[in-house]
Amino acid sequence: MDAVLAQLAVDLPDLSCMRVEAEVADEVTLQYEVTTVPYFVFLKSEGIEFGTFDILADEAVRQGLKEYSNWPTYPQLYARGELVGGCDIVLEMASGGELKSTLDEMVARMEVS
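The rules we used
- Residues numbered from 1 in each chain as written.
- Predicted model: local features only at pLDDT ≥ 70, side-chain atom pairs only at ≥ 80, totals over all residues.
- Heavy atoms only, no water.
- Helix = DSSP H or I, 4+ residues; strand = E, 2+ residues; numbered from the N terminus.
- Buried < 20%, exposed > 50% of the residue type's maximum accessible area, 1.4 Å probe, protein only.
- Contact = heavy atoms within 4.5 Å.
- Areas by Shrake-Rupley, 256 points an atom, 1.4 Å probe, with all protein chains shown as cover.
- Phe/Tyr/Trp six-rings, centres within 6.5 Å; stacked < 30°, edge-to-face > 60°.
- pLDDT = per-residue confidence, 0-100.
- Pairing = 2+ DSSP bridges.
- Salt bridge = Lys/Arg side-chain N within 4 Å of Asp/Glu carboxyl O.

## Considering the overall build of the protein
Phase 1: A tally of regular secondary structure across the protein gives five helices and two strands.
Phase 2: Reading the protein from its N terminus to its C terminus gives the helix and strand order α-α-α-β-β-α-α.
Phase 3: Within the protein, the fraction of its 113 residues that count as buried is 20%.
Phase 4: For the protein, restricting intrachain contacts to residue pairs at least 6 apart in sequence, the fraction spanning at least 24 positions comes to 33%.
Phase 5: Approximately 8600 Å² of the protein is accessible, and the part contributed by carbon and sulfur atoms is 56%.

## Examining the packing of aromatic side chains
Phase 1: This model, assessed by the stated rule, comprises one aromatic pair.
Phase 2: Arranged with centres 6.2 Å apart and planes meeting at 35 degrees, the rings of Tyr 68 and Tyr 78 form a pair that is tilted. Within this pair, whereas Tyr 68 is found in helix H3 (residues 59-69), its partner Tyr 78 is found in strand E1 (residues 76-79), the two being separated by 10 residues in sequence.
Phase 3: We classify Tyr 78 as partly exposed; its relative accessible area is 25%.

## Focus on the confidence of the model for the protein
Phase 1: Mean pLDDT over the protein stands at 79; residues scoring 70 or higher make up 88%.
Phase 2: The spread of mean pLDDT over the elements of the protein runs between helix H1 (residues 2-11), the lowest at 75, and strand E2 (residues 82-86), the highest at 87.

## Regarding the pairing of E2
Phase 1: Both E1 and E2 contribute to a ladder of four bridges, which runs antiparallel. Bridged to Ala 79 within E2 is Glu 82.
Phase 2: Connecting the antiparallel pair E1 and E2 is a turn made up of two residues, with Arg 80 showing a positive phi of about 55 degrees.

## A short note on the pattern of salt bridges
Phase 1: Under the counting rule described, the total for this entry stands at two salt bridges.
Phase 2: In this structure, Glu 59 engages Arg 62 in a salt bridge whose closest nitrogen and oxygen atoms are separated by 2.1 Å. Taken as a pair, Glu 59 and Arg 62 lie in helix H3 at a separation of three residues, close to a single helical turn.
Phase 3: Lys 100 is the partner of Asp 104 in a salt bridge, and the nearest nitrogen-oxygen pair spans 3.4 Å. Placement of the pair is Asp 104 and Lys 100 together in helix H5 (residues 99-112), with a separation of four residues, close to one helical turn.
Phase 4: Overall, Asp 104 belongs to the partly exposed group, its relative accessible area being 35%.

What follows is the structure, encoded as structure tokens:
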């Protein structure tokens, strides 16, 4: 699968691919209900630039983020430092069509400040 992902990265330069070891990332595996591997999750960024940080690699960051956000699960989506929600809420917003407008409003609010 690594070869397939590498080719996708070449063919689709706007696509971001990441590989997660299901056996290591239990929270991610549970969140996406992974039952077999390989397993693919496709996320749409709504046309907004985004970055990621692997909190599973640093226990202090993981615990600090739980305290900072007062949100117990991961992944978490932030826009300009403000928590949008955990994966379940973000997926619900995306399927209901409100994610893009929420992100646009948050970005606009921050640009005015």
